[in-house]
Amino acid sequence: ASKCPCYGGRSLAAEEEGEAEAEPGEAVGGLQLHRSSRGRTGFKGVIWQDGMAKRPFTAQRYEGKRATYLGSFGTAVEAAVAYARAEAE
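Just so it is clear, the structure is predicted and the values come from calculations on it, not from any experiment.

Draft legend 1. Broad picture of the pairing of strand S5 (residues 66-73). Strand direction decides the pairing type here: strand S4 (residues 57-63) and S5, joined by seven bridges, are antiparallel. Residue glutamine 60 lies in a different strand from S5, and its bridge partner there is tyrosine 69. What sits between S4 and S5 in their antiparallel hairpin is a turn of two residues, with glycine 64 showing a positive phi close to 70 degrees.

Draft legend 2. Seen up close, the sheet that holds strand S3 (residues 46-48). As summarised here, the arrangement of the three strands in space is S3-S4-S5, forming an open sheet in which the pairing is antiparallel. Of all strands in the sheet, those bounded by a partner on one side alone are S3 and S5. This sheet shows a mean twist of 30 degrees between the axes of neighbouring strands, independent of strand direction. Lying on the sheet, helix H1 (residues 76-88) is in contact with S3, S4 and S5; it crosses S4 at an angle near 25 degrees.

Draft legend 3. Focus on the nonpolar core. With 15 residues, the main nonpolar core has Leu33, Phe43, Val46, Phe57 and Ala79 as its most contacted residues. Sorting the residues of this core by element identifies S3, S4 and H1 as the ones contributing at least two each. Broken down by element, the residue count for this core peaks at seven residues, all from H1.

Draft legend 4. Inspection of the pattern of salt bridges at higher detail. According to the stated counting rule, one finds two salt bridges in the structure shown. We note a salt bridge from glutamate 63 to arginine 61, for which the minimum N-O separation is 3.6 Å. The class for glutamate 63 is exposed, based on a relative accessible area of 51%. For arginine 61, the salt bridge identified is with glutamate 87, shortest N-O distance 2.8 Å. Here glutamate 87 lies in helix H1 and arginine 61 lies in strand S4, a separation of 26 residues in the sequence. Because the salt bridges share partners, they merge into one network encompassing Arg61, Glu63 and Glu87.

Cut-offs used in this document
- Residues numbered from 1 in each chain as written.
- Predicted model: local features only at pLDDT ≥ 70, side-chain atom pairs only at ≥ 80, totals over all residues.
- Heavy atoms only, no water.
- Pairing = 2+ DSSP bridges.
- Helix = DSSP H or I, 4+ residues; strand = E, 2+ residues; numbered from the N terminus.
- Axes fitted to C-alpha atoms, helices over the stretch in contact; angles between N-to-C directions.
- Contact = heavy atoms within 4.5 Å.
- Core = buried A, V, L, I, M, F, W, Y, C linked by side-chain atoms within 4.5 Å.
- Buried < 20%, exposed > 50% of the residue type's maximum accessible area, 1.4 Å probe, protein only.
- Salt bridge = Lys/Arg side-chain N within 4 Å of Asp/Glu carboxyl O.

If you want it as structure tokens, here you go:
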């Protein structure tokens, strides 16, 4: 997984403050998280935005070339859950 300077070089999937690290293919809240090896966050549909101190992780879903904003979140796992919810609908 890519490293993020805001987490002291740790993997972004290793969340702070009691959030468990989501394993590949793990279900969180009954939803299957979509892992990705392409992005910094380790999750499909989740991007990390430098300079966004409180909620640096944005979830977005693409349908063709059209992006749908799903929200900004404090952790990559929260954003991945939002993406998984949107995919399940």
